[in-house]
Amino acid sequence: MPHSTQPDTTVYPPSDDTVARAHVDAARYDEMYKASITDPEGFWGEQGKRLDWIKPYSTVKDVDFSYGNVSINWFSDGVLNVAANCIDRHLATRGDQTAIIFEPDDPDTPAQHITYKDLHEKVCRMANVLLSQGVMRGDRVVIYLPMIPEAAYAMLACARIGAIHSVVFAGFSPDALANRVNDCGAKLVITADTAPRGGRRTALKSNADAALLHCSDKVRCLVVKHTGDQTTWINGRDVDVNALMETVAPDCPARPMGAEDPLFVLYTSGSTGKPKGVVHSSGGYLLFAAMTHEITFDYHEGDVFWCTADVGWVTGHSYIIYGPLANGATTVMFEGVPTYPDASRFWQVCEKHKVTQFYTAPTAIRALMGQGNQFVEKSDLSSIRLLGTVGEPINPEAWNWYNEVVGKGKCPIVDTWWQTETGGHMMTPLPGAHATKPGAAMKPFFGVEPVVLEPQSGEEIHESPTEGVLCIKDSWPGQMRTVWGDHERFQQTYFSDYKGYYFTGDGCRRDADGDYWITGRVDDVINVSGHRMGTAEVESALVAHAAVAEAAVVGYPHDIKGQGIYCYVTLMNDQNPSDDLVKELRSWVRTEIGPIASPDVIQWAPGLPKTRSGKIMRRILRKIAENDVGSLGDTSTLADPSVVDDLISNRTK
Ligand code: 6R9
């Protein structure tokens, strides 16, 4: 289905029902937003009371955004425990309420309803297992697990004892896992025997084995026996988590932690170099996740909230685990995929668990839209009150389908723009306060001050409509604090291009009504099926292959994935292009990074368009990949303009 290039300018005002129910209506939004910007200390000082503090904070905000001195602190003398906020404080009032509904990959396997009481016991036991393995406050624990309850137990167990977790998406390769274990200096890795997904099984433990060959031999491996599939076992290194959980005590005190103590490190791709370890705090992050979860999704007591992301991504951290559990919600954890056993699975799960808020990515919406409406119409979706989307810009066709076919025209759609770095929603319509427009992120969340800058001069543009790069003017509590082990890189990446601002890497448009539309990345980051990837990572994987001399990778529009991966590859002199080599390079990249980085197109490039100083002109490569060769722009600065003609005439379909 072709994507329209023109925005759909229809405006959908919130319904009376939505306004009546919502926590925040238009007047309240204006009042609160204004307070959050003019008096952040007062505003966040008050909001901080959403959390239970062991020792209350006396300072709220202590921030410096100036390049060279960047430092971000919120509630810094406050003491709390994140796991206690997500579990213990609910026990008296809702110990028997379901905290997590686990829906397995196989629809015939019964779902599990894990109450807050159960969750408390499991998390305590897991925490005691970690302690028994010598994990201490501040130690890093890598979690390489599928979407199973143990992933939640492991994250919360780390939080309980003050260890820092780093969840690595189970689709990443052994190499990618090893790099992350080494970068954060993890003491142990938690994995599972195998991971069922869409009826197939990924051999996670054997991936972990392969990764650990490249790590210190002190790193332990805790194994969850999930499927019972046979795995190798290295005595002294591998530990059977389930067996050990049975033998340790069912209670474990929650360790008092400083608000600024790191809660987790999550690796994400940037435009250069290897993935960065984004560091999030305990206090500010949890508060922001909890508040956005409640207000953006208009969460109320008794709701069943389903975010379909994987816990390996920030969306899973904030809106499967931390936000919902801090609010005492019931959160759905789904092990499977939207199209297994068929394209009705999401909707059947919504019906089965009476989901009230459903939050997914545009790529999933487009894939399901392509399968036809009958898959949706088979299920009773009357429990759903609100729909959400995240991860990439949503095209109007997909938005309209989501609205009409899934939401029956009566559910507000929150198109939430945010990033791994931001911890929670930054811009989104709020259900009872704002109208929606297909594809617009609309308005900033409380405490978020977006600015549109002229890309070259860095000047703030005040008038609307306008378009430019999106920066944020001041800190918010959910903001990342640093890059793990490399504060200089943190400053360089986010604070050096536009001094005094946090630079998001996204472009945006502000329309005549003052509403925001995200136009996509302005750097070399691409977004493939909602998975964020640096083109540089794919390039370095390609050039690591013996046949490859040089590679340049760009994104191009892809109907389902949003963007596809287009690779221009220059071979070594003694190599000949062949279909077999294409296949080999594809599988090479899959093993180097993971299946999500599999190239969609590989085009042989005898030469790449370079400036005289040797810089690859990606703008030209993007145009060729997009098949938009009529507007290549100025090619006169190229060292050898003829390579462009060659690339155009040999463009791969
Ligand atoms: C939460 C998450 C961040 C990048 C971000 C932007 C894109 C996310 C979006 C969106 C348009 C939305 N993005 N949400 N673009 N509309 N609603 O996705 O984090 O994986 O770090 O990706 O995703 O380009 O900069 P992350």
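Residues numbered from 1 in each chain as written. Predicted model: local features only at pLDDT ≥ 70, side-chain atom pairs only at ≥ 80, totals over all residues. Heavy atoms only, no water.

### Topic: the layout of surface pockets
Over the atoms a probe the size of a water molecule is rolled, and this reveals where empty space is left.
Alright, step 1. Of the volumes computed, that of the second largest pocket is approximately 430 Å³.
Alright, step 2. Lining the second largest pocket are 25 residues; nearest its centre among them are Ser271, Thr493, Asp497, Phe503 and Asp523. (1 Å grid on protein atoms, 1.4 Å probe; cavity = no way out; pocket = protein on both sides within 12 Å on 5 of 7 lines; lining within 4 Å. Points joined across faces, edges and corners; volume = space filled by probe spheres on them.)

### As for the nonpolar core
Alright, step 1. Residues Leu119, Ile190, Tyr322 and Phe446 are the most contacted members of the largest nonpolar core, which totals 164 residues.
Alright, step 2. Per element, the largest residue contribution to this core is 10 residues, and it comes from helix H6 (residues 149-161).
Alright, step 3. Both domains that furnish three or more residues to this core are identified here as domain 1 (81-99 + 116-283) and domain 2 (529-650).
Alright, step 4. The residues touching tyrosine 322, leaving out its near neighbours within four places in the chain, are Val82, Cys86, Met155, Leu156, Ala159, His165, Leu263, Phe264, Tyr285, Leu286 and His317.
Alright, step 5. Membership of the second largest hydrophobic core comes to 30 residues, among which are Val304, Ile365, Val376 and Leu381. (Core = buried A, V, L, I, M, F, W, Y, C linked by side-chain atoms within 4.5 Å. Buried < 20%, exposed > 50% of the residue type's maximum accessible area, 1.4 Å probe, protein only. Helix = DSSP H or I, 4+ residues; strand = E, 2+ residues; numbered from the N terminus. Domains from an automatic or database assignment. Contact = heavy atoms within 4.5 Å.)

### Some thoughts on the UniProt feature "domain: AMP-binding enzyme C-terminal" (unreviewed entry) in the protein
Alright, step 1. Under the UniProt annotation, "domain: AMP-binding enzyme C-terminal" (unreviewed entry) lies at residues 537-615.
Alright, step 2. When the span residues 537-615 is considered, its composition is 27% helix and 32% strand, and the gap between its end C-alpha atoms is 17 Å. (UniProt positions renumbered as here; feature names shortened; annotations may be inferred.)

### With respect to the UniProt feature "binding site: Mg(2+)" (unreviewed entry) in the protein
Alright, step 1. Per the UniProt record, the feature "binding site: Mg(2+)" (unreviewed entry) sits at Val543, His545 and Val548.
Alright, step 2. Relative to the elements of secondary structure, histidine 545 occurs in the loop between helix H17 (535-543) and strand S29 (548-558).
Alright, step 3. Given a relative accessible area of 8%, histidine 545 falls into the buried group.
Alright, step 4. Among residues more than four places away in sequence, those in contact with histidine 545 are Leu581, Glu584, Leu585 and Trp588.
Alright, step 5. Within the secondary structure, valine 548 is located in strand S29.
Alright, step 6. A residue is classified by how much of its surface remains accessible, and valine 548, at 2% relative accessible area, is buried.
Alright, step 7. In contact with valine 548, not counting residues within four places along its chain, are Leu542, Val543, Val569, Thr570, Met572 and Leu585.

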